[in-house]
Amino acid sequence: MGISPVLWQFLVNWLHSSALFPTEASTIAPYTDALYFFLIGMTIFGVVLVGALVTVFSLKYRREKHPVAVQIEGSTLLEATWTIIPLAIFLVTFVWGALLYFRIYNPPANSMNIYVVGKQWMWKAEHPGGQHEINALHIPIGQPVQLTMISQDVFHSFSIPDFRVKREVIPGRYTTVWFQATQTGKFHIFCTQYCGTLHSGMIGEVTAMTPADYQKWLSESTSGMSLAQNGERLFASLGCIQCHSGNAASRGPNLAGVYGSKLTLTNGQQVTVNDAYLRDAILNPSEHVTAGFSPIMPTYQGQVSEDGLIDLVEYIKNMQSNYRVHQTLMTSDSDKAAPTTPTTGTTQER
Amino acid sequence: MSATTIVSLPDQATAQMPKRSYLNNEHGLLSWLLTADHKRIGMLYLLSITFFFFIGGAFAGLIRLELLTPQPDLVASDTYNKFFTMHGIVMIFLFLVPSVPATLGNFLLPIMIGAKDLAFPKINLLSWYLYMAGGIFTLASLVLGGVDTGWTFTTPLSTHYLNTHVLTTATAIFIAGFSSIFTGLNFIVTIHRMRAPGMTWFRMPLFCWSQYAASLLMVLGTPVLAIAIVLLALERLFGIGVFDPAKGGDPLLFQHLFWFYSHPAVYIMILPGMGVISEVISTFTRKRVFGYTAVAFSSVAIALFGFFVWAHHMFIMGVSNYSALVFSLLTMLVAVPSAIKIFNWAFTMQKGSITFETPMLYAFGFIGLFTIGGLTGIFLGSLGMDVHLTETYFVVAHFHFVMVGGMLMAFLAGIHFWWPKLTGRMYPESLSKLAAVVTFIGFNLTFLPQFVVGYLGMPRRYHAYPAEYQVLNVLSTAGATILGVGYMLPILYLGWSLKYGAIAGNNPWQATGLEWQIQSPPLTENFLETPIITHEAYDYEWLEEKMKLEKQEVTHVG
């Protein structure tokens, strides 16, 4: 062969390092791949069938062999056949796809939660313990992990191909996705929604680790403050504490244990309190007034970053009693400068 | 009838160029720019969309060149983003949407139904000027420095985060949209009001049915695009907040509005192509189209269902699970009429008398590639599968199989099929067959690897990508090179044929359509006397009778 050994070696390595099929690294991946192979089978069957019809007719009825065409009107039976059979196959696909969709987007109840904030052009993951990482995500294998995601600017989309999961990350709205990794290793994170100049630079890496390694990583990378602790600080500094003190006479509803409960709003709507509801209630309080309370809470739109909102949500989520709220109130009472209640005034100025 | 309308039909050797035709009826540039003749306007469109096709194609070439290597090394990221944006905008709004309707449809629709012109000839000319205005605005945004929104203009990226020429481009699309609204309106009115005596709905060629269905979509869908663009402009200029969550707007609303047009738009693009395929297959099998009514109604069904599937572009965007279910189900339903068409075309060949001229080869290409394109659409309509595949190269491959493999093949089939009618001349047969084969091979090499790389997870619109995807991207780029050759060839030999091609005669393919019964190229007034239709479309027995009569007439004269 005239090809130089160096070039040959390069070609072999190049071909060898190329991928043709993604790793199945999550519990969902085998389900997705099963449907994929079914659909590939359907496509091959369809193409071969149409190809065979065209080829056979071309050979059999070409002008040399079949000089005079026989006019045929059509056939209701055949029309019905090729209406009903494709329809049936497509409906099977529909049901199969729908079942898979519900599997992908309904997280198990015991999943652990990690927050992800997308912004041009990076992913920021925040673990409840306060571990922050950029363009990286450490997760334990064998345990369902739910991501609660939001964008700070434009639409992004969070995709881990080896897990076969993807979800749009939307400004102003929490979206969630979950997965359970089945093998350790490093996997790509892509932003798949075009988001501006460095769209293709908005990538990262999932590191799937054994639970023991994950615990080790958590303890080594903690920033000292959990998200809930950050949230508690914000809760006090933003003045939330004044109305949401948990006292019977306070002007805002008691927040202890509110997460996961069902609320009736003044407009009669029934809602379940989840992350998205808490976030919306902070930013757009007049639309989320709990029955029995007046719409006096000002909006915090533009005053709290998405990170801050996550801290607040995480704080309220974990708030089981008002003990620490009272503690904080006492402390702030002891060194208060003005005797008047500052809430309305302060918040209006903000 | 005068001798100019009937040149002795079956024998091409004695065919002559008619002395008078729409081409030489008037002379000078102005006579073209101010014409109200649907055939001349069709030719103006043909020239302009070919121009824009090569601009769009050049950007496609640059994109593939950049993707040859995993590193972002040919151009800067901003420039790359401008490349794919311009490729998408030019190809979709300035090529695919007007391709068959505005060129072949304009030229042929009135002739096929036995009319002298479209219902509103001047509005037809206005459509072309609007199209050109849209084109000029697009070129302006390109020359001024480009735009990098992607052809989907997703907010809030397009409204708040980019300082490129978004508004210029939006204006271009707004204006070009009215061009297609007017064309659609013109076609609908023409088909309703201008059919020759005896030309009932079910005697119309299937090409007319598909144009009619596409026109309905243009008229009902395009205004929504216009609304979306106006809202986008208001949001960008004045920050009215309809798409801004901080002001109580909904960031997803824009995508609902955009896809409400842009999903039907893919049927605007593909339906006229399907019409071409029906004509071509019937002609080269010498057989009426199998299940005429099924094919006709499947066009209308596609147009109807096509309006109710738009949210299948948004399955991962946090729409409610139940609306996702409904849209997925409707997507499955819209696939059925396409399957019906494919099988009807295949069975049209049964017991035919088939020859394999260039248009037929392109039609075979269409059937094969559209089958793959359609079936891979089922992947994306299937909810759980879509989660992994959406926004990856799988979508890119699927879309190009339908639009380039399907529509562009159909367009080329149509151009080759009617070229003798448009110009009165034949093109070189073997060279054009070569082009059809080269296009088919190049196409598959370009886009089949993209399905694989898409399932691997490579996102679309990526300037750089992980090294393990390189082999597939190199294959794709190699294919694109071959595809480029396949598209250059027709330009060269069709141009050559204008002067040196053999004289075609009235009906070189022995086709049944009314357009083949008049001289090539046609007279400005199309018909010397209004034709009276007594036969159905694709009635080859009628054609045989007619030719016998004409032969006698000619012998008598001789």
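Residues numbered from 1 in each chain as written. Chains lettered and ligands numbered in written order. Predicted model: local features only at pLDDT ≥ 70, side-chain atom pairs only at ≥ 80, totals over all residues. Heavy atoms only, no water.

Draft legend 1. Fine view of the interface of chain B and chain A. Between chain B and chain A, the residue contacts involve 93 residues of the former and 86 residues of the latter. Carbon and sulfur atoms make up 68% of the area that chain B and chain A hide from each other, which totals about 7,800 Å². The tally of links from chain B across to chain A stands at 2 salt bridges. In this structure, the salt-bridge partner of Glu73(A) is Arg288(B), at a minimum N-O distance of 3.7 Å. Ranked by the residues each element gives to the side of chain B that touches chain A, the list is headed by helix H11 (residues 321-348) of chain B, at 16 residues. (Contact = heavy atoms within 4.5 Å. Buried area = accessible area lost by both parts, 1.4 Å probe. Salt bridge = Lys/Arg side-chain N within 4 Å of Asp/Glu carboxyl O. Helix = DSSP H or I, 4+ residues; strand = E, 2+ residues; numbered from the N terminus.)

Draft legend 2. Expanded view of helix H3 (residues 76-105) of chain A. Over its 30 residues, H3(A) runs 42 Å from end to end, which matches the ideal 44 Å to within 8%, given 1.5 Å per residue. Along H3(A), the residues classified as buried are Glu79(A), Trp82(A), Pro86(A), Phe90(A), Thr93(A), Phe94(A), Gly97(A), Ala98(A), Leu100(A), Tyr101(A), Ile104(A) and Tyr105(A). (Expected span 1.5 Å × (residues − 1). Buried < 20%, exposed > 50% of the residue type's maximum accessible area, 1.4 Å probe, protein only.)

Draft legend 3. Region of interest: the pairing of strand S10 (residues 203-209) of chain A. Residues and elements named next belong to chain A. Among the 7 residues that make up S10, 5 are buried, leaving the element largely enclosed by the rest of the structure. The sheet contact formed by strand S4 (residues 136-140) and S10 spans 5 bridges and is parallel. By the bridge assignment for S10, His 138 is matched with Thr 207. For strand S9 (residues 185-191) and S10, the ladder comprises 6 bridges, and the chain directions are antiparallel. Its bridge partner being in S10, Lys 186 is matched across the sheet by Thr 207. (Pairing = 2+ DSSP bridges.)

Draft legend 4. Geometry of the nonpolar core. With 248 residues, the main nonpolar core has Ile139(A), Leu147(A), Phe158(A), Phe163(A), Phe366(B) and Trp418(B) as its most contacted residues. When residues of this core are assigned to their parent elements, the largest contribution, 20 residues, is made by helix H14 (residues 393-423) of chain B. In this view, Leu147(A) contacts Asn113(A), Ile114(A), Val116(A), Leu137(A), Phe158(A), Thr175(A), Thr176(A), Val177(A) and Phe179(A); residues no more than four positions away in its chain are not counted. Ranked by size, the runner-up nonpolar core spans 30 residues in total, among them Tyr277(A), Ile310(A), Ile316(A) and Met319(A). (Core = buried A, V, L, I, M, F, W, Y, C linked by side-chain atoms within 4.5 Å.)

Draft legend 5. Expanded view of the confidence of the model for chain A. Residues with a pLDDT of 70 or more make up 93% of chain A, whose mean pLDDT is 88. Residue range residues 336-350 of chain A is modelled with pLDDT below 50. Its contacts to residues more than four positions away, or to other chains, number 10 contacts. (pLDDT = per-residue confidence, 0-100.)

Draft legend 6. Layout of the sheet that holds S4(A). All names here are of chain A. In space, the 5 strands of this open sheet follow the order S4-S10-S9-S6-S7, with mixed pairing throughout. Among the strands making up the open sheet, the edge pair consists of S4 and strand S7 (165-169). The average angle at which neighbouring strand axes cross in this sheet is 20 degrees, direction not considered. The strands touched by helix H4 (residues 211-220) are S4 and S10; relative to S4, the strand with the most contacts, the crossing angle is about 130 degrees. (Axes fitted to C-alpha atoms, helices over the stretch in contact; angles between N-to-C directions.)

Draft legend 7. Focus on the environment of Leu263(A). All names here are of chain A. Along the polypeptide, Leu 263 turns up in strand S11 (residues 262-264). The buried category is assigned to Leu 263, whose relative accessible area is 15%. Sequence separation of Leu 263 and Leu 100 is 163 residues, and the distance between their C-alpha atoms is 31 Å. When residues no more than four places from it in sequence are discounted, the contact partners of Leu 263 are Val 258, Gln 269, Gln 270, Val 271, Val 273, Tyr 277 and Thr 290.

Draft legend 8. Here's a closer look at the sheet that holds strand S3 (residues 132-134) of chain A. Residue and element names in this part refer to chain A. Spatially, the 5 strands line up as an open sheet ordered S3-S2-S1-S5-S8, and their pairing is mixed. Looking along the sheet, the strands with just one partner apiece sit at the ends: S3 and strand S8 (175-179). Within this sheet the neighbouring strands show an average axis-to-axis angle of 25 degrees, counted without direction. Sheet topology places strand S2 (residues 122-126) next to S3; 3 bridges connect them, and they run antiparallel. Opposite Glu 126, over in S3, you have His 132 as the bridge partner. Its contacts with the sheet put helix H8 (residues 306-317) on strand S1 (112-119), S2 and strand S5 (145-151), and the angle it makes with S1 is roughly 165 degrees.

Draft legend 9. View of the packing of helix H9 (residues 253-285) of chain B against helix H10 (residues 292-305) of chain B. All names here are of chain B. Relative orientation of the contacting elements H9 and H10 amounts to 175 degrees, with a least axis distance of 11 Å. Accordingly, the angle class assigned to the pair H9 and H10 is roughly antiparallel. Contacts from Tyr 267, Leu 271, Met 274 and Ser 278 in H9 reach Val 295, Ser 299 and Ile 302 in H10. For the contact of H9 with H10, a count of residues per class yields 5 nonpolar, 2 polar and no charged. (Parallel < 35°, antiparallel > 145°, perpendicular 65-115°, else oblique. Nonpolar A, V, L, I, M, F, W, Y, C, P; charged D, E, K, R; others polar.)

Draft legend 10. How the structure looks around the packing of aromatic side chains. A complete count under the given rule lists 66 aromatic pairs over all chains for this structure. Aromatic side chains Tyr101(A) and Tyr105(A) sit 5.0 Å apart centroid to centroid with 75 degrees between the ring planes, which places their arrangement in the edge-to-face category. You can see Tyr101(A) and its partner Tyr105(A) sitting in helix H3, 4 residues apart, about one turn around the helix. When its relative accessible area of 0% is taken as the criterion, Tyr101(A) is described as buried. Ring-pair connections join several aromatic residues into one group, and the members of that group are Phe21(A), Tyr36(A), Phe37(A), Phe379(B), Phe394(B), Phe401(B), Phe443(B), Phe447(B), Phe451(B) and Tyr455(B). Between the NZ or CZ atom of Arg103(A) and the centre of the ring of Tyr31(A), over which it lies, the distance is 3.6 Å. (Phe/Tyr/Trp six-rings, centres within 6.5 Å; stacked < 30°, edge-to-face > 60°. Lys NZ or Arg CZ within 6 Å of the ring centre and 35° of its normal.)

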